[in-house]
Amino acid sequence: MRMAIDRRFFFDKVRAAPFGGALKQPQVDGMTAILDRWERTMAADDERWLAYVLATVYHETARTMQPVRETLADSDGKAVAILEDAFAKGRLSWVKTPYWRPDEDGKSWLGRGFVQLTHRRNYAAMAEITGIDLVAAPERAMEMEAALTILFEGMRRGSFTGHKLADYFNTATEDWAGARRIVNGMDRAEQIGGYGTLFYTALRGDR
């Protein structure tokens, strides 16, 4: 049986790096929720998976370690306005169809959660996994328990891109940069992989 994560050691280490010497309470709360979910449901799995999950959350939530809305706006309306402005100015050149624009029911399928879940089809897929009707209420992807399930199950199963944690961390492979393909191609792959190694050191304690 694996040993429980040494929380004191973990938070002391991550406070220094990658958090630069200080942690805010929401960051601690978010990481605590992630560690709790791991120990409750995936503790027998490869600890490098958890380290890379944490690194992904660190990047995707702009270090807040909380479920967030794309652009970090506090409402869908504000997020849509920010995205529209960026799109009009050519800052989202990779976007062909503005997925954030409200549909005929007034719902926006912009990014939400620990991992930025976008597009109606992905909300529908995650509704089956979470047991929450995210198509009827996409904003529920920002609820902590839903966000945790989307995060862990999406990365474990390969729901986002077809790539999964076991493809990059197993008995024969340790690919911190390549693991970015689980979520978003190779965007910031080396940087996020570096965060992963820092989280892994913190998770290992004094082992």
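Every value quoted in this text rests on a predicted model; they were computed, and no experiment measured them. (Residues numbered from 1 in each chain as written. Predicted model: local features only at pLDDT ≥ 70, side-chain atom pairs only at ≥ 80, totals over all residues. Heavy atoms only, no water.)

### Quick notes on the overall build of the protein
Here is step 1 of the chain: Helix and strand counts for the protein stand at 8 helices and 2 strands.
Here is step 2 of the chain: Listed by position from the N terminus, the elements making up the protein come as α-α-α-β-α-β-α-α-α-α.
Here is step 3 of the chain: Overall, the C-alpha framework of the protein stretches about 55 × 35 × 30 Å when taken along its three principal axes.
Here is step 4 of the chain: Just so you have it, the protein exposes about 10300 Å², and 49% of that area is on carbon and sulfur atoms.
Here is step 5 of the chain: With 29 positive and 29 negative side-chain charges, the protein shows a spacing of 3 Å between the two charge centroids. (Helix = DSSP H or I, 4+ residues; strand = E, 2+ residues; numbered from the N terminus. Areas by Shrake-Rupley, 256 points an atom, 1.4 Å probe, with all protein chains shown as cover. Lys, Arg positive; Asp, Glu negative; His and termini not counted. Charge placed at Lys NZ, Arg CZ, Asp CG, Glu CD.)

### Some thoughts on the layout of surface pockets
Here is step 1 of the chain: If you add up the space inside the largest pocket, you get close to 1200 Å³.
Here is step 2 of the chain: Residue lining of the largest pocket: 35 residues in total, with Glu70, Trp94, Tyr99, Gln116 and Asn184 positioned closest to the centre.
Here is step 3 of the chain: Of all the secondary-structure elements, those providing two or more residues to the lining of the largest pocket are α3 (47-60), β1 (68-69), α4 (76-88) and α5 (120-130).
Here is step 4 of the chain: Looking at the lining of the largest pocket residue by residue, the class counts come to 16 nonpolar, 11 polar and 8 charged. (1 Å grid on protein atoms, 1.4 Å probe; cavity = no way out; pocket = protein on both sides within 12 Å on 5 of 7 lines; lining within 4 Å. Points joined across faces, edges and corners; volume = space filled by probe spheres on them. Nonpolar A, V, L, I, M, F, W, Y, C, P; charged D, E, K, R; others polar.)

### Points about unusual backbone geometry
Here is step 1 of the chain: In this chain, Ala17 is followed by Pro18 through a cis amide linkage whose omega measures 20 degrees.
Here is step 2 of the chain: Structurally, the position occupied by Pro18 is in the loop between α1 (7-16) and α2 (25-41).
Here is step 3 of the chain: With a phi angle near 75 degrees, His119 is a residue other than glycine that sits in the positive phi range.
Here is step 4 of the chain: Following the sequence through the fold, His119 ends up in the loop between β2 (112-113) and α5.

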